[in-house]
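Chain by chain, the residues:
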Amino acid sequence: MVLLTPTDTPSVINYRLPESLKPLHYLVKLQPFVNGNYTILGYMEVEMRVVNSTSSIVLHMADIITHNDTITVVQDGVQVVVKEHVYDTEREWYVAQLDQELQVDQTVNISLWFTGLLNDQLRGFYRSSYVDPDGNTVKLAASFFAPTDARRAFPCMDEPALKAKFSVSLAREENMKSLSNMPRYSSEPVLGQPGWVWDHFTTSVPMSTYLVAFVVSDFVYNSTYVDGVELSVWTRPSLVGQAGVALESGRKALTFLEEYFTLRYPLAKQDLVALPDSAASAMENWGLITFSEPSMLYNPGVSSASNRQRVVVLVSHELAHQWFGNLVTPSWWNDIWLNEGFATFLQSVVTDYLEPEWKMVEQMVVDGVQMVMVLDSLCSSHPISINVDTLDQIHQIYDTIAYVKGSSIIRMMSHFLTETTFRRGLASYLNYYAYNSATQDDLWQFLTAAAHQDGTLTSDLTVKVIMDTWTLQMGYPLITVTRSDDGTSATVTQERFLLIPRENTTARQQEAPYRWWVPLSYTSANNSDFSNTIPSEWMKDSEEHKALTSLPASDQWVIFNLQETGYYRVNYDSNNWALITDQLKTDHEAIHVINRAQIIDDALNLARAGRLSYETALRLNVYLRKEQEYTPWQAALTSLTYLQDMLSRTPSYLALKKYLLDLLMPLYKSVGFEDAEDDPHFQQYKRVLALSWACRLGLPDCVKNADSHFKAWLNGSSISPNLKSTVYCTGIAQGGEVEWEAAWSRYLTSNTPAEKTQLLAALGCTKHTGILSRYLDMAFTEGSGIRKADSILVLNAVAENDVGHSLAWHYLTRRWQYITSYYDTFTSLTSLLVVATSKFNTPRELQQLEAFRKENSNTLRPASYALQQALESTNHNIAWINNNYDVIVRWLHDNGYKEVY
């Protein structure tokens, strides 16, 4: 046996498997000792076709001990001698060196027995547990293989394009059940092991290794049928009554998606499983989707409207993956955005069909497009499609850019192609590449063919020409519209929008020729039509400026980017901004609700970047006193959060609070504090938004009501589910250790996962630093009552607390080595850094961040993207304070918002 260590490897390492063998069929048999020593006894064999002659077989493998005396290689019925076993720990490879060449187009089998581990890291095949209503600890095992952790359960060729069929058998104890991707067809006793049973599952369709899945548990289920497909929801026994929303929305979503793609769901069953511990909210394993419990369960009368929406959205997201990602899979991880961007886009499309009252198209703009634009306007952003090779790089691209920017540009594409053309192109693509892998260029070809056939693109223009400018370079354009003196014509320019002012960017960044194909849509006051989102003009990537004519006179506004369907910001000349502001003040409903949200978001972010005066942006916000729609308020308060974060530790914060409360008071009064179950969905959302901000800003009436509800709750009264987050946080903030311990006790005894999540967040609202410090310790201590998957939630809650922000950062830096070993999942390090540094805005904090990077360079490698963003954001925040603090304070004072000393 040869062990190849990282120091033995060359400085430039190719992490891709050799292109010599293609897997055809796996046989996997696993016996996980869930109630024993957490080992896995495993057997694997894989049949492969020889693509290029080779004398070695390379498989991915991690945290597995092979039984080398059982390793057998057979080619066309003849055994081949394995002369050496090589283990490459850096690339996580097992290599069987053979004594002869394998010939092209022949088949070869390798089989072996091995011992694996049910780890506690929420990846691979991992162990979990829960406490039942009688106080007993019940154990289970589940898998999470995305993106590169199937190799921790069994040796395999763990790359997305290397699809194969899988025949799976799982051994379980008689009192447990096992699930895999395909239906179980038979069971039999495990020979010589009384009380153990083998479950055998039908052979799968061809699929990628990261989509293989296992669950071994005592779970129970409810089920229904959708066109012959059995759809089941699985939970621990005491929670099965909370799975009704998931089952019903899953049934409707599956039917809708079949019609949307004009392609039947290809498997015989679809299981949805709620797990006590999960590394992510959900994972789209084909036929066996796993969720964290709060993401799949809804308890009527206890869970809030947002909890219900989250369940429907995530079920829709994961079911969309069964086509986009599972049926057709990216050839390599650089195109993972095809998976996640499309599923994120489709979750809104599906949910909007299931629950039109929720206005998911509006929510997608404010919570999706506008949110990701802030991140994508940093120099440390990255293209959607980006070359990745190492495991660290692969893990890091599962980020907001892939999910949310991906969905945003897909939404843009669906509008400029039209929905009919877009859907027809998708259906052709999925049918052609079914059970195979593809690249973004493959998708562009099918969409182009549909567009040319329908005439939505001219014959000389392709989707690839347009979309490559959005996927192969980072960032997005700022479109500046400068009208002529008489208003009837305009010059439109494009440039990359950066939050950091130009004088703070490097010469290289200034010179980068960022240009896009921009779909320009616009309307005007004299003939307003916000419904036609097909572009009126295209601005080519070769055009830095473009002339437009036939605009109205200079006393009539124009508004670009109708319903914010384009992924870009818009700036105007001062006269047009004044016209828009006047329109909002006199009759804001003359402007489409999404464009009202867009105008607010663009104005505040343009001001933040130094491209528009804060006087213009803040004056525009005055109209909000009359605004009754949720979407513009959500956009406004999200963007104003930046001002709050920057000024919260300054002497002028009180003046800002007065301004914010002055804007908010009409909305607060209109929604009232008391919640009504029969209120429309958006009315409930508006109330939650208004109350959470009012109490956070210290409005006496809000604080008094919330604290009163909290005390009544401690004495046994109920609280409306929608008010719980605000009431819990405010009550704990107003109270002391007694109130904190009482809420903690309620957390431990709650049987509703969504409420447990709310309580965990609220417990971070206390103003007592000693309690917060202890809470952080509990979050990263096994057995404290806080699950490993929830530790980031706790850190986030403490960091968002003005009292706890520095505590969270110092805790993270002081215990970084321990934390990275405790919580080793692919999202954890990124999330921890983003949360802990979100409010940094002083040179001292920048020095601390730089020192932290220097001291922990090795362990920070998996979070390098997040670290770059944290450094850039901190630099930007410092520059913003220097450039804008006095400007903001002067405006507040001039408009009657002053501190009281």
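Our subject in this report is the structure included herewith. Because the structure is a prediction, the values reported are computed rather than measured.

Here we look at helix 20 (residues 737-749)
So, point 1. Spanning 13 residues, helix 20 covers 18 Å between terminal C-alpha atoms, matching the ideal 18 Å at 1.5 Å per step.
So, point 2. The inward-facing, buried residues of helix 20 contact helix 18 (700-714), helix 19 (724-734), helix 21 (753-763) and helix 22 (769-779).

Examining the state of the cysteines
So, point 1. For the coordinates displayed, the defined rule picks out two disulfides.
So, point 2. Disulfide partner of cysteine 695: cysteine 702, at an S-S distance of 2.0 Å. Its torsion about the S-S bond being -95 degrees, the disulfide of cysteine 695 and cysteine 702 is classed as left-handed.
So, point 3. A sulfur-sulfur separation of 2.0 Å characterises the disulfide bridge that pairs cysteine 729 with cysteine 765. In this structure, the disulfide formed by cysteine 729 and cysteine 765 twists by about -105 degrees around the S-S bond and is classed as left-handed. Of the two residues, cysteine 729 sits in helix 19 while cysteine 765 sits in the loop between helix 21 and helix 22, which places them 36 residues apart along the sequence.

Some remarks on empty space enclosed by the protein
So, point 1. Under the defined criterion, the tally for this structure stands at four cavities of 30 Å³ or more.
So, point 2. Within this model, the largest cavity holds a volume of roughly 80 Å³.
So, point 3. Looking at the largest cavity, the residues that line it are Tyr15, His60, Arg91, Thr148, Arg151, Asp158, Glu159, Trp332, Trp333, Asp389, Leu391 and Ile394.
So, point 4. Along the lines of polarity and charge, the residues of the lining of the largest cavity split into five nonpolar, two polar and five charged.

Notes on the side chain of serine 750
So, point 1. Among the structural elements, serine 750 can be located in the loop between helix 20 and helix 21.
So, point 2. Among all residues touching serine 750, those that are not within four sequence positions of it are Glu755 and Lys756.

Side note on the environment of lysine 788
So, point 1. Within the fold, lysine 788 resides in the loop between helix 22 and helix 23 (791-800).
So, point 2. Owing to a relative accessible area of 9%, lysine 788 belongs among the buried residues under this scheme.
So, point 3. In terms of polar contacts, lysine 788 uses its side chain to reach the backbone carbonyl oxygen of aspartate 120, at 2.9 Å.

Digging into the pairing of strand 25 (residues 477-483)
So, point 1. Burial analysis of strand 25 places six of its seven residues in the buried class, the great majority of the element.
So, point 2. Relative to strand 32 (residues 569-572), strand 25 runs parallel, the two being bridged by four bridges. Considered in strand 32, the bridge of threonine 480 is made with asparagine 571.

As for helix 12 (residues 574-587)
Along an α-helix, residues three or four apart share an orientation, since each turn contains 3.6 residues.
So, point 1. Compared with the 20 Å implied by 1.5 Å per residue over 14 residues, the 20 Å span of helix 12 between its first and last C-alpha is a close match.
So, point 2. Capping of helix 12 at its N-terminal end is provided by aspartate 573; its side-chain oxygen lies 3.2 Å from the backbone amide nitrogen of asparagine 575.

Thoughts on the nonpolar core
So, point 1. Ile57 and Phe154 are the most contacted members of the largest nonpolar core, which totals 301 residues.
So, point 2. If you tally residues by element for this core, the top one is helix 28 (residues 864-894), at 13 residues.
So, point 3. Apart from the residues lying within four places of it in its own chain, the contact partners of phenylalanine 154 are Tyr26, Val28, Met44, His60, Ile64, Phe114, Phe145, Phe166, Val212 and Phe214.

Rules used throughout
Residues numbered from 1 in each chain as written. Predicted model: local features only at pLDDT ≥ 70, side-chain atom pairs only at ≥ 80, totals over all residues. Heavy atoms only, no water. Helix = DSSP H or I, 4+ residues; strand = E, 2+ residues; numbered from the N terminus. Expected span 1.5 Å × (residues − 1). Contact = heavy atoms within 4.5 Å. Disulfide = S-S within 2.5 Å. 1 Å grid on protein atoms, 1.4 Å probe; cavity = no way out; pocket = protein on both sides within 12 Å on 5 of 7 lines; lining within 4 Å. Points joined across faces, edges and corners; volume = space filled by probe spheres on them. Nonpolar A, V, L, I, M, F, W, Y, C, P; charged D, E, K, R; others polar. Buried < 20%, exposed > 50% of the residue type's maximum accessible area, 1.4 Å probe, protein only. Polar contact = N/O pair within 3.5 Å; in protein donor to acceptor, adjacent residues only side chain to side chain. Pairing = 2+ DSSP bridges. Core = buried A, V, L, I, M, F, W, Y, C linked by side-chain atoms within 4.5 Å.

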